[in-house]
Amino acid sequence: MEKELRKQANRLLEEGTVDCIIGHAQGSLKFTTTPLITGDKTEISNLIISPFMHNNLANYLIRRHGKTGIVAKGCDSRSIVSLIQDKQVSRDAVVIIGVPCSGLVDMAKLESLTGKVRDQIEAVTVAGDKVSVKLNGKKKEYPARQVLFDHCLGCEFPTPQEYDCLIGEPVAAINDTELSSKKIADIKKMAPQDRWAFWQKQFSRCIRCYACREVCPACFCERCFAEESQPHWISPVPQWQDNLVFQVIRTIHVAGRCSDCGECERVCPQHIPLRLLSREMYDLIDEMFHYKSGMDKNAPPLMTAYEMVEAEGLIR
Amino acid sequence: MENETEKEPRIVGFLCKWCSYAGADLAGTSRKKYPANVTVVKVPCSGRIDPLFILKGLSLGFDGVLVSGCHPGDCHYQTGNYRARRRMALTKKFLEYMGIPAERVQASWVSASEGNKFAQVIADVVKDVKAIGPNNLFCAEGR
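Owing to the predicted nature of the structure, the values given are computational and were not obtained by experimental measurement.

Caption draft 1: Structural view of unusual backbone geometry. All names here are of chain A. A cis amide bond, omega 0°, links Gln-230 with the succeeding residue Pro-231. As for its placement among the helices and strands, Pro-231 is situated in the loop between helix 8 (211-214) and helix 9 (240-253). Phi is positive for Arg-63, close to 55°, though the residue is something other than glycine. For Arg-63, the location among the structural elements is in the loop between strand 2 (33-38) and strand 3 (68-72). A count of 9 C-beta atoms within 10 Å places Arg-63 in the exposed class. A positive phi is found at Tyr-210, a non-glycine position, where the angle reads about 65°. Secondary-structure assignment places Tyr-210 in the loop between helix 7 (192-203) and helix 8. Tyr-210 sits in the partly exposed class, given 16 other C-beta atoms within 10 Å.

Below you can see the structure in the form of structure tokens.
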């Protein structure tokens, strides 16, 4: 598959169809990847496909000029389509190299499951609902739900929805939302004041590094309300009140664009369960407006569209 | 006496300039009585209201937030209130999920000719908010 990917990327650069390729390359640590953004054909051999290609590369399309080739997993392709819907990216300016994704491995889960640290694990491969791990020269298989990220288990569209060429065969969705929905259901069971206390506790850990925002392809504003000074909406000092307002508003602002790629939660250095917010929003939108983000590049963005009759009973 | 006034809830109302604000004006000029708990902020359209305004209001200590605009179909800018409706519906549901009681965030349609309705809406909102007590959500120790 990597060979095919490199061939396609090379062809695109050679033909001059694109002046730049965005993909994944081996990261500095074992089992990590780093985004590779290059127009140099000699660097194409660094492109890889792995169960650790976490970054949602759609982020790097924002405010890019020229024609770009981009490697996209299912969630990335939905983010790209959202950007097209929001007129942040023109469809003609991107060549989407679709890569069906069988789920990304959560290293923290894997480490606690095997009791080994990153460097002691030799190899990890994902195949269907099994993840095989090589330890001390021996192969061991684990069920996918013990090793993959929650958002990958709940992924409905692992195969890109929009692409110019597809590397490999489409894969079936695991669509196991149980883990995510259980956590959300647990929160819903709490009394309102307990829920508020729960969020207060979570957001008192936030250090406002804005990693969640920076990594998010749906957060493309040139100026964020968090940094506005006139009016001064929230204090830059990380207090739970302002942290909570920031994250709640961020979730509402990206509503209809968020493809539940889970990057915000993955990059959070304080391990705040941000997907409890984004997944709930995702489900809420589906339930109220029957809308899933990034499925149709010709559809109007969720928040600019409307039906003649909707949201009955919520407004006096 | 001071305790008495402290108990009175404070509501911030974001009213669209074309309908609800004019409706509030009409309520005033026709000498309708309604609780004096609402602080009005005039906005050009209900579509101007960012959910951020609502949370900012609550974090400043207002006990309730009211968003009011033109009836569906009557927007001065054609579609502003349809957008506001979607946004408000989503915001209300989501804030409930966060643990903010639904009564604190309210929305209504009031036209420029509905002075009576405006008075009624304010009375109802104040009643609702009074029933759930003061807003301590953003106090240091939470609620």
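Picking up where we left off.
Caption draft 2: Representation of the interface of chain B and chain A. Facing 31 residues of chain B, the contacting portion of chain A comprises 27 residues. The set of elements that each furnish at least two residues to the side of chain B that touches chain A consists of helix 3 (51-59), helix 4 (80-98) and strand 4 (105-109) of chain B. For the side of chain B that touches chain A, the element with the highest residue contribution is helix 4 of chain B, accounting for 14 residues. Looking at the side of chain B that touches chain A, its residues break down into 16 nonpolar, seven polar and eight charged.

Caption draft 3: Broad picture of the sheet that holds strand 7 (residues 138-143) of chain A. All names here are of chain A. With antiparallel pairing, three strands are arranged side by side in an open sheet as 5-6-7. This sheet does not close on itself; its edge strands, each paired only once, are strand 5 (121-127) and strand 7. Neighbouring strand axes in the sheet, compared pairwise and without regard to direction, differ in orientation by 20° on average. Inspection of the sheet shows strand 5 paired to strand 6 (residues 130-135) by six bridges, in the antiparallel sense. By the bridge assignment, Thr-125 is partnered in strand 6 with Ser-132. Against the sheet, helix 3 (residues 107-114) touches strand 5, strand 6 and strand 7, its axis set at about 60° to strand 6.

Caption draft 4: Structural detail: the domain arrangement of chain A. Residues and elements named next belong to chain A. Assigned domains of chain A: these are domain 1 (2-104 + 149-304) and domain 2 (105-148). Computed from C-alpha coordinates alone, the two centres of domain 1 and domain 2 are separated by 24 Å. With 13 residues of domain 1 at the interface, the matching set in domain 2 holds twelve residues.

Caption draft 5: Seen up close, the nonpolar core. Residues A:Ala255, B:Ile11, B:Cys16, B:Leu58, B:Val65, B:Met98 and B:Ile122 are the most contacted members of the largest nonpolar core, which totals 80 residues. For this core, the element with the most residues is helix 4 of chain B, which contributes eight residues. For B:Met98, the residues in contact, after removing those within four places along its chain, are A:Arg195, A:Trp196, A:Trp199 and A:Val248. Among the nonpolar cores identified, the runner-up in size contains 47 residues, and A:Ile21, A:Val131, A:Phe149 and A:Phe157 belong to it.

Caption draft 6: Layout of the packing of helix 6 (residues 178-189) of chain A against helix 11 (residues 275-289) of chain A. All names here are of chain A. Between helix 6 and helix 11, the shortest axis-to-axis distance is 10 Å and the interhelical angle comes to 95°. Judged by the inter-axis angle, helix 6 sits roughly perpendicular to helix 11. Residues Ser-180, Lys-183, Ile-184 and Ile-187 of helix 6 pack against Arg-275, Leu-276, Arg-279 and Glu-280 of helix 11. Here the residues of the contact of helix 6 with helix 11 are counted per class, giving three nonpolar, one polar and four charged.

Caption draft 7: Geometry of helix 1 (residues 2-15) of chain A. Residues and elements named next belong to chain A. Over its 14 residues, helix 1 extends 20 Å from the first C-alpha to the last, a length consistent with the 20 Å expected when each residue adds 1.5 Å. For helix 1, every residue scored as buried is listed here: Leu-5, Gln-8, Ala-9, Leu-12 and Leu-13. Down the axis of helix 1, the buried set is contained in an arc of 130°. They therefore lie on one face. Exposed residues lying more than 90 degrees from the buried face of helix 1 are Lys-3, Lys-7, Glu-14 and Glu-15. Residues of helix 1 that are buried make contact with strand 1 (20-26), strand 3, strand 4 (94-98) and strand 8 (165-166).

Caption draft 8: The environment of A:Lys130, seen in detail. All names here are of chain A. You can see Lys-130 is positioned in strand 6. Sequence separation of Lys-130 and Pro-143 is 13 residues, and the distance between their C-alpha atoms is 4.7 Å. Apart from residues no more than four positions distant in its own chain, Lys-130 is found in contact with Glu-141, Pro-143 and Ala-144.

Caption draft 9: Representation of the sheet that holds strand 1 of chain A in the model. All names here are of chain A. A sheet is described by the order of its strands in space; here five strands give the open sequence 2-1-3-4-8, paired in mixed fashion. Pairing within the sheet leaves two strands with one partner each, and these edge strands are strand 2 and strand 8. Pairing between strand 1 and strand 3: three bridges, direction parallel. From the neighbouring strand, Ile-21 faces strand 3, where its bridge partner is Gly-69.

Reading the values: the criteria
Residues numbered from 1 in each chain as written. Chains lettered and ligands numbered in written order. Predicted model: local features only at pLDDT ≥ 70, side-chain atom pairs only at ≥ 80, totals over all residues. Helix = DSSP H or I, 4+ residues; strand = E, 2+ residues; numbered from the N terminus. Buried ≥ 20, exposed ≤ 12 C-beta atoms within 10 Å, placed from the backbone. Contact = placed C-beta atoms within 7 Å. Nonpolar A, V, L, I, M, F, W, Y, C, P; charged D, E, K, R; others polar. Pairing = 2+ DSSP bridges. Axes fitted to C-alpha atoms, helices over the stretch in contact; angles between N-to-C directions. Domains from an automatic or database assignment. Core = buried A, V, L, I, M, F, W, Y, C linked by C-beta atoms within 7 Å. Parallel < 35°, antiparallel > 145°, perpendicular 65-115°, else oblique. Expected span 1.5 Å × (residues − 1). Arc of directions from axis to C-beta.

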